[in-house]
Amino acid sequence: MAMDEILRKFLSEKTTPVPRLEAELRLLPAADSMRAVCRLEDIESRGVPGAAFEFLAQIVCLALFKDGKRMFPCAYELKQQLDPETIVELAGLYSRMMDDVSNGEKLHDLKNALKNCPGERLKWRVLREMGALPTAARDMTDRDYIYCGLNLLIDQEENSRPNMVVNPAFDEQRFLALKFGPGEGASFGG
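Residues numbered from 1 in each chain as written. Predicted model: local features only at pLDDT ≥ 70, side-chain atom pairs only at ≥ 80, totals over all residues. Heavy atoms only, no water.

Please set out the sheet that holds strand β4 (residues 69-70) residue by residue, giving values where relevant.
Reading across the sheet, the four strands line up as β1-β2-β3-β4 and stay open at both edges, with antiparallel pairing between neighbours. Both outer strands of the open sheet, β1 (15-18) and β4, are each paired with one neighbouring strand and no more. In this structure, strand β2 (residues 23-26) lies alongside strand β3 (residues 64-66), joined through two bridges in antiparallel fashion. When the bridges of β3 are listed, Leu25 appears paired with Leu64. On the sheet, helix α3 (residues 51-63) packs against β2, β3 and β4 and is oriented at approximately 30° with respect to β3. (Pairing = 2+ DSSP bridges. Helix = DSSP H or I, 4+ residues; strand = E, 2+ residues; numbered from the N terminus. Contact = heavy atoms within 4.5 Å. Axes fitted to C-alpha atoms, helices over the stretch in contact; angles between N-to-C directions.)

Here it is in structure tokens:
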């Protein structure tokens, strides 16, 4: 199976249908998850009762999609239209979806597939050397990655090569004769 197919299959499992709402839950990008955690910390620090439920509502709000768009613009709207039991149920479904995606066996299979895909490994090395994440390089083509990778390889070769300066006037036979004495240098060098 090609790497693209494996990744597509892995990523497609990051959605779970919610038929009764004609919607789907999607795994959140890291930035959205972090915003929800920060919101939870803010709510808890102010001593707001029900902080855990607010957190669940925030996660469900961010993860619930209908027709390709977020179903609710904010957690307040979500809580106005869905009962608490449904929100908790959706949060549980989201949690199970997270557990399924982080399944060790699936990750092991993906890792092995990635090991056998030199093009993807090249892309990773280029991004790592550039200090960039894949989202920062969305517009890079395979040709761009190869170009960058080859330049990184050339840089590495140049850095590992000792800086040798050759003196064209250097006479190795004369040097050996001076170092070892007449006669010995000639036999050592030649």
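Describe the packing of aromatic side chains, with residues and values.
Aromatic ring pairs: the centre-centre distance and the angle between the two ring planes describe each pair. Here the structure, examined in full by the defined rule, presents one aromatic pair. Each ring, one from Phe170 and one from Phe175, has its centre 5.7 Å from the other, and the planes form 50°; the classification is tilted. The lysine or arginine in question, Arg26, covers the ring of Phe65, its NZ or CZ lying 4.1 Å from the ring centre. (Phe/Tyr/Trp six-rings, centres within 6.5 Å; stacked < 30°, edge-to-face > 60°. Lys NZ or Arg CZ within 6 Å of the ring centre and 35° of its normal.)

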